[in-house]
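Below, each chain spelled out in residue letters.
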Amino acid sequence: MLLVRNGRVIDPATKTDAALDVLLDGDTIAEVAAPGKLSRDTRGAETFDAAGLIVAPGFIDLHVHLREPGQESSETIETGTRSAARGGFTAVCCMPNTKPVHDNASITRFILDKAKNAAAHVWPIGAASVGSKGEAIAEIAAMKAAGIVAVSDDGKPIATAKLARQVMDYCNSLGIPVIEHSEDVSLAAGAVMREGVTSTRLGLPGMPAAAEAVCVARDVQLVELTGARLHIAHLSAKASLDQVRWAKSRGLRVTCEVTPHHFTLIDEDVTYDSRFKMNPPLASREDREALIAGLADGAVDAIATDHAPHEPALKDVEFDRAPFGILGFETALGLALEQLVHTGRIKLQRMVELFTTGPARVLGMERKLAGGQPADLTIFSTTREWTYDVKASPSKSRNSPFDGRTFKGGPVATIVAGKIAFRAN
Ligand SMILES: [Zn+2]
């Protein structure tokens, strides 16, 4: 048993914000009660003193790349989940663009087998099409039976509207969402950043915001047609969010996520340093404002990191030759506090929702701090100062634009299935 005492418990599912003790018994929550009022006998339980700290349901990351199988020099399930736990995440959804692509049940089983002893739960996402090539639909039912929680051809969109319709129909019958990397590849072809004054000044090829919004519009129309559940990955543009708002106003089951880098940085921050290269690229100031408004008012459902490790040999090259993507786990909470909470743009309770019940709902799961629920907790500070040192990360990669940044507040302990998977010293 593990007793988490004296913490300020924030649970968006039950609208709780109060001093409570949480007793964990093995991999489930045994009881939550006012301080000192647990009915169970806690003698012999290990104790964690959470005085001055927030105790939340375990953070869930809907969008991560663990690079296994196939690119183990950039990350593995073991190193990636250790980095996730350090960032406060108790569960991560790994994208299928591995080598080979995760498009069949034997790879689902391989991932889940590797994840047995991992520092966080791993919930795999299967490919929508065979090899994510956008031609034939993948073995979605077999992957679902083996344990996938969603499908996506992430890295690129589902290639055609016809195939996207078919995937939606199929996933609708299986009860899982389709996660879309929204990008019109003809508009985005050759681009390495957002099109605008900065791309012109740097002389780098840019893609317009419409490259994303056009694809979101296509898929929203397909949800009208199919009634499926659609989740827009790493939404970055105001025009795309307007499409999501429209879909929600019509009662369509369309959700979206925003990354910490998109609510923190903008295209004007881009230099020739490849740590500022990601897809979708950093957007305009106006887009960033719209994303923060959506995070505040509920148009955005979740914060997801798009943790995308690339070993230095791949990433430390000229900007236009470098692969897209940055590390995400360990700076996510610090950036959310810095950009959203400390600025007064969103309430702490809402931020917790964006990391917990929000992503859970996208997957059709319920998460709350109550007896019988999984013993996954994220314990964090809103005041402790710390500096991110990417060299100290358990990740195999180092591609973060936030190296050396000092944060006010961050993860203090991550409890996964009743065990302390990370603890700050
Ligand atoms: Zn993507």
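Right, let's walk through the structure included here. (Residues numbered from 1 in each chain as written. Predicted model: local features only at pLDDT ≥ 70, side-chain atom pairs only at ≥ 80, totals over all residues. Heavy atoms only, no water.)

**Focus: the nonpolar core**
Quick reminder of the rule: Nonpolar core, defined: a set of buried Ala, Val, Leu, Ile, Met, Phe, Trp, Tyr and Cys residues in which side-chain atoms within 4.5 Å join the residues together. Categorising residues by exposure relies on relative accessible area from a 1.4 Å probe, with only protein chains included: less than 20% of the type maximum marks a residue as buried, more than 50% marks it as exposed, and the intermediate range marks it as partly exposed. Under the scheme used here, helices are H or I runs from DSSP no shorter than 4 residues and strands are E runs no shorter than 2 residues, and both carry numbers assigned from the N terminus. Contacts are residue-level and defined by heavy atoms, with any inter-residue pair within 4.5 Å sufficient.
Counting 83 residues, the largest nonpolar core has Ile140, Val151, Val167, Phe263, Met351, Phe355 and Phe380 as its most contacted members. The leading source of residues in this core is helix α12 (residues 329–341), at eight residues. Beyond its immediate sequence surroundings of up to four residues, Phe380 is in contact with Leu53, Ile54, Ala56, Phe59, Leu333, Leu348, Met351, Val352, Gly410, Pro411 and Val412. Ranked by size, the runner-up nonpolar core spans 18 residues in total, among them Ile29, Ala50, Leu369 and Leu377.

**Describing the coordination of the zinc ion**
Definition in use: Counted as donors are N, O and S atoms no farther than 2.8 Å from the metal, or 3.2 Å for Na, K and Ca; water is not among the atoms, and sites may therefore look incomplete.
The protein atoms donating to the zinc ion are Asp154 (OD), His181 (ND1) and His234 (NE2), with metal-donor distances spanning 2.0 to 2.2 Å. For the zinc ion, the donor residues sit on a single chain with the sequence spacing D-x26-H-x52-H. Here the residue Asp154 occupies a position in the loop between β9 (150–151) and α4 (161–174), and His234 occupies one in the loop between β13 (230–232) and α8 (238–249), the gap between them amounting to 80 residues.

**Quick look at helix α7 (residues 210–226)**
How we decide: Here, expected helix span is obtained from the residue count minus one, scaled by 1.5 Å.
In a regular helix each residue adds 1.5 Å, so 17 residues correspond to 24 Å; α7 covers 24 Å between its end C-alpha atoms and thus fits that length. Within α7, burial applies to Ala211, Glu212, Ala213, Cys215, Val216, Asp219, Val220, Leu222, Val223 and Thr226. Looking one or two places after α7, you find Gly227, whose phi comes out positive at around 75°.

**Remarks on the state of the cysteines**
Any covalent bond linking the sulfur atoms of two cysteines counts as a disulfide. Where we set the bar: A pair of sulfur atoms, both from cysteines and within 2.5 Å, is called a disulfide here.
Using the criterion set out here, one finds zero disulfides in the structure. Its sulfur unpaired, Cys93 is 7.8 Å from the next cysteine sulfur, which belongs to Cys94. Looking at Cys93, the relative accessible area reads 0%, which means it is buried. Cys215 forms no disulfide, and the closest cysteine sulfur to it belongs to Cys256, at a distance of 14 Å.

**Describing the packing of aromatic side chains**
Where we set the bar: Here is the rule: rings of Phe, Tyr and Trp (six-membered ring for Trp) pair when centre to centre is within 6.5 Å. Planes less than 30 degrees apart are stacked, more than 60 are edge-to-face, and the remainder are tilted. By the criterion adopted, a ring carries a charge over it if an Arg CZ or a Lys NZ lies within 6 Å of its centre and within 35 degrees of its normal.
Scanning the entire structure with this criterion turns up seven aromatic pairs. For the ring pair Trp386 and Tyr388, a centre distance of 6.5 Å and an interplane angle of 80° mean the geometry is edge-to-face. Classification of Tyr388 by relative accessible area gives buried; the value is 4%. Three or more aromatic residues joined by ring pairs form one cluster here, namely Phe59, Phe89, Phe329, Phe355 and Phe380. Cation over ring: Lys277 sits above Phe324, and NZ or CZ is 4.8 Å from the ring centre.

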